[in-house]
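As a plain string of letters, each chain reads:
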2 protein chains.
Amino acid sequence: MNLSKNKDTASEVKIGSGRKRRLLHTESLMMVVIDFEDGPAAKPDAQHVHPHEQVTCVAEGEVLFFIGKESRRLSAGDMVAVPPDQPHGIQLMTPRVRLIDTFTPLRQDLL
Amino acid sequence: MNLSKNKDTASEVKIGSGRKRRLLHTESLMMVVIDFEDGPAAKPDAQHVHPHEQVTCVAEGEVLFFIGKESRRLSAGDMVAVPPDQPHGIQLMTPRVRLIDTFTPLRQDLL
């Protein structure tokens, strides 16, 4: 079986300066671990939108999580749900942040 | 909106001595943060099985993660996927462990 993704062996995708992601999925459930080392940020990242359901957990560090114009500060262990088609984004509040993003259905744009 | 679950305000469910969980879900995606403070364990927990797709990430600590007779040691940032109807379980390897379990469809037994 090849069902686990060890952080030391999984293929990482660099998604920007100081940012990388690893992902694992089943047929209709996708998990993406994103490590940020470029915080804190002076302003929010650009928001984005997708039709997938999303639930995110902060594993390490702190972010401001925006859904539209609303924001809430999240730290390790906090979760947030993003309904389909809702613009959302983050602002890094600590030097290092690890987010666990999960989606259904699969985000084909990340595969 | 009430889309986020702050760990300080979300209702925790005690699921055993030194174990508690918090959950958040959308229509078909469920995330469960489980905090264990009863490790390390001398032997594995009993395995369980369900028809839902599952992907799990270790946020803190280390576990042995069993799928049937196979096991792999996972630490913070590692992920594992559990196909539907596969018996699986964990053994805590550190005093404290935080797991992020995600499921689709929703596990009605947890609601």
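Model, not experiment: these values are computed from the prediction.

A.B. asks: Before we move on, could you go through the relation of the copies chain A and chain B and cite the residues and values that matter?
C.D. replies: Overlay of chain A on chain B (RMSD 0.0 Å): rotation 180 degrees, translation along the axis 0.0 Å. With respect to symmetry, the two chain copies, as superposed, fit the operation of a two-fold axis. Residue A:Ala59 of chain A places its C-alpha closer to the rotation axis than any other residue of that unit, at 2.7 Å. Taken as a fraction of all interface residues of chain A, those also at the interface in chain B reach 100%, which identifies the copy contact as same-surface.

A.B. asks: For the pairing of strand β9 (residues 88-92) of chain B, give the residues involved together with the corresponding values.
C.D. replies: Looking down a regular strand, the side chains alternate between one sheet face and the other. Residues and elements named next belong to chain B. Residues of β9 alternate between two faces, with His-88, Ile-90 and Leu-92 buried on one and Gly-89 and Gln-91 left unburied on the opposite face. Pairing of strand β6 (residues 62-67) with β9 involves 5 bridges; the strand directions are antiparallel. Bridge pairing links Val-63 to Leu-92 in β9.

A.B. asks: Tell me about the interface of chain A and chain B, and please be specific about residues and values.
C.D. replies: Accessible area lost during the coming together of the parts is what is often quoted as the interface size. With 32 residues of chain A at the contact, the number on the chain B side is 32 residues. Where the side of chain A that touches chain B is concerned, the elements lending two or more residues are β1 (4-5), β3 (19-25), β4 (30-36), β5 (53-60), β7 (70-75), β8 (79-82) and β10 (97-104) of chain A.

A.B. asks: Tell me about unusual backbone geometry, residues and numbers included.
C.D. replies: The omega torsion of the bond from B:Gly39 to B:Pro40 falls at -10 degrees, within 30 degrees of zero and hence cis. Of note, B:Pro40 is situated in the loop between β4 (30-36) and β5 (53-60). The linkage connecting B:Thr104 with the following residue, B:Pro105, adopts the cis geometry, with an omega of -10 degrees. Unlike most non-glycine residues, A:Asp85 shows phi in positive territory, near 65 degrees. Mapped onto the elements of the fold, A:Asp85 is located in the loop between β8 and β9 (88-92).

A.B. asks: I'd love a proper account of the sheet that holds strand β6 (residues 62-67) of chain A, names of residues and values included.
C.D. replies: For sheets, the rule is that strands pair by backbone hydrogen bonds, running either parallel or antiparallel. All names here are of chain A. Overall, antiparallel pairing links the 3 strands, which are arranged β7-β6-β9 in an open sheet. The open sheet has two free edges, formed respectively by β7 and β9, since each of these has just one partner strand. Averaged over all pairs of adjacent strands, the angle between strand axes in this sheet comes to 25 degrees, irrespective of strand direction. Of the strand pairs in this sheet, β6 and β7 are connected by 6 bridges, and their pairing is antiparallel.

A.B. asks: Explain the pairing of strand β2 (residues 13-16) of chain A to me, using residue names and the numbers behind them.
C.D. replies: All names here are of chain A. As paired elements, β2 and β3 share 3 bridges and run antiparallel to each other. Bridge pairing in β3 links Gly-16 to Arg-19. Counted along the chain from β2 to the antiparallel partner β3, the turn is 2 residues long, and its residue Gly-18 has a positive phi close to 75 degrees.

Scoring rules and cut-offs
- Residues numbered from 1 in each chain as written.
- Chains lettered and ligands numbered in written order.
- Predicted model: local features only at pLDDT ≥ 70, side-chain atom pairs only at ≥ 80, totals over all residues.
- Least-squares fit on C-alpha atoms with pLDDT ≥ 70 in both.
- Contact = placed C-beta atoms within 7 Å.
- Buried ≥ 20, exposed ≤ 12 C-beta atoms within 10 Å, placed from the backbone.
- Helix = DSSP H or I, 4+ residues; strand = E, 2+ residues; numbered from the N terminus.
- Pairing = 2+ DSSP bridges.
- Axes fitted to C-alpha atoms, helices over the stretch in contact; angles between N-to-C directions.

Shape descriptors only; they carry no functional weight alone.
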